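# Inside the fold
Okay, here's what each chain looks like letter by letter:
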Amino acid sequence: MPEDIRDRSSIGHADVTALNFVRSSTPFVFRRHFRQGLRSHIMEILNASDVEIEQSGKVIDGMRWFPKAPPRRMFRIFRARLKTLENALVEIGRVKIVERYLAPDFMARSTECIVDYRGPEGRDLMLCGFQAYVRGEILDPWTILGTGELLPGLYETFRAQDRTFALPKSRWVETVREKGAGFIGKIKRMATEAGHIPDLAGAGNLIITVTGGICLVDINNISRVSPGTSIDLDEKGYPVCDKSIEALSLIEEKILGRSVDMNEKLYQRFLDPRRRKEVRAKEKGFWTMKDTG
């Protein structure tokens, strides 16, 4: 029996166009994005003409260049099984909460779709998303680099990629800090007012753009900020809420260049030394289970 596409470790263009809700004669090319999440397949949607140029190259000033085809949008296929339509609407509702606080400046907006998937075991509900593509560099909260090295290093990366990038380093760093303060403030409001927080801890979930913006691109794991003292785990067994708040504190330190205020209720509660010790134990258990499973 063919394998359900949600269970496959990776998929390609032919797998997407074989889906019953995608036209096989599409003028676009679907290509696996280099960053794949535990919760979804992530595919680039490319113009076929751009892919052709990427493969055959084009001559500029007597030299042949092979420019990478830029994605038009991103296509996500959620791996999670949706038992009912209500389950799908709950997932979409979480995305809408994030959108209400972070859009349009701090997230890659996405249009979610509930489709009728015809898989090997019959018809089933599937959640997909068409998301804006954001060009930039990964913002890693866990990097060992501090603010004195992180932002100047990212600036030099952008300069190397585009020699027309003429914004002075000091102004670019100032812009990142200004926008970073806005992003951090929005996340804190979402956590305290709406009781939800997106996954800030995962590698590649946040992007810094060439204009100095901070953008959330992974909206697949949005957790509740529980009012109790228990340490909640996601369906994979990871303490994502606690780790996201820890990541937020690191972003505040590394981007804004200041120590976090431990008198803030959010940090006071989630960064308590005893709680963090328990979180580390649960995180270790998650990675042990993942490595052995």
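Because the structure is predicted, anything quoted here is derived from the model rather than measured.

Applying the stated criterion to the full structure yields zero disulfides. Cys 113 provides the cysteine sulfur closest to Cys 215, a residue in no disulfide bond, and the two sulfurs are 19 Å apart.

Moving on, we get to the pairing of strand S5 (residues 73–78). When you tally the buried positions in S5, you get five out of six residues, the bulk of the element. Across six bridges, the pairing between strand S2 (residues 40–47) and S5 is antiparallel. Across the sheet, the residue bridging to Ile 45 is Arg 73, located in S5. Pairing between S5 and strand S7 (residues 122–132): five bridges, direction antiparallel.

Where helix H4 (residues 147–161) contacts helix H5 (residues 169–194), the two axes come as close as 10 Å, and the packing angle between them is 115 degrees. Note on packing geometry: the crossing formed by H4 with H5 is right-handed. The segment H4 lies against H5, with Thr 147, Leu 151, Pro 152, Leu 154, Tyr 155, Glu 156 and Phe 158 engaging Lys 169, Trp 172, Val 173, Val 176 and Arg 177. Classifying every residue of the contact of H4 with H5 gives eight nonpolar, one polar and three charged.

What follows concerns the packing of aromatic side chains. Taken as a whole, this structure holds eight aromatic pairs when the rule is applied. Each ring, one from Tyr 155 and one from Phe 165, has its centre 5.5 Å from the other, and the planes form 50 degrees; the classification is tilted. Residue Tyr 155 is found in helix H4, and its partner Phe 165 is found in the loop between H4 and H5; the two are separated by 10 residues along the sequence. Phe 165 shares its class with Tyr 155; the two are buried. Through pairs of rings, three or more aromatic residues link up here, namely Tyr 155, Phe 158, Phe 165 and Trp 172.

As a further point, take helix H6 (residues 240–256). Here H6 spans 23 Å end to end across 17 residues, near enough to the 24 Å set by a 1.5 Å rise per residue. In terms of burial, H6 is largely enclosed, as 16 of its 17 residues are buried. The first or second residue beyond H6 is Gly 257, which carries a positive phi of 70 degrees.

Calculation notes
- Residue indices follow the written sequence of each chain, beginning from 1 at its first position.
- Confidence filtering applies because this is a predicted model: local features only for residues at pLDDT of at least 70, side-chain atom pairs given and counted only at 80 or more, and all residues used for totals across whole chains, interfaces and linings.
- Water and hydrogen atoms play no part in the side-chain values, which are based on all heavy atoms of the structure.
- For this text, the term disulfide refers to a pair of cysteine sulfurs within 2.5 Å.
- Categorising residues by exposure relies on relative accessible area from a 1.4 Å probe, with only protein chains included: less than 20% of the type maximum marks a residue as buried, more than 50% marks it as exposed, and the intermediate range marks it as partly exposed.
- Elements are defined by DSSP. Helices are runs of H or I of four residues or more, strands are runs of E of two residues or more, and each kind is numbered from the N terminus.
- Paired strands, as defined in this entry, are two strands with at least two bridges between them according to DSSP.
- Between the N-to-C directions of two axes lies an angle of 0 to 180 degrees, each axis being a line fitted to C-alpha atoms and, for a helix, fitted only over the stretch in contact.
- Rotating anticlockwise by less than a right angle from the far helix to the near helix defines a left-handed crossing, while the corresponding clockwise rotation defines a right-handed one.
- Whether two residues are in contact is decided by their heavy atoms, any of which lying within 4.5 Å being enough.
- Residues are sorted three ways: Asp, Glu, Lys and Arg are charged, Ala, Val, Leu, Ile, Met, Phe, Trp, Tyr, Cys and Pro are nonpolar, and all the rest, Gly among them, are polar.
- Stacked, tilted and edge-to-face pairs are distinguished by plane angle, under 30 degrees for stacked and over 60 for edge-to-face with tilted covering the rest, among Phe, Tyr and Trp rings (Trp via its six-membered ring) whose centres lie within 6.5 Å.
- Helices are assigned an expected span. That span is 1.5 Å times one less than the residue count.

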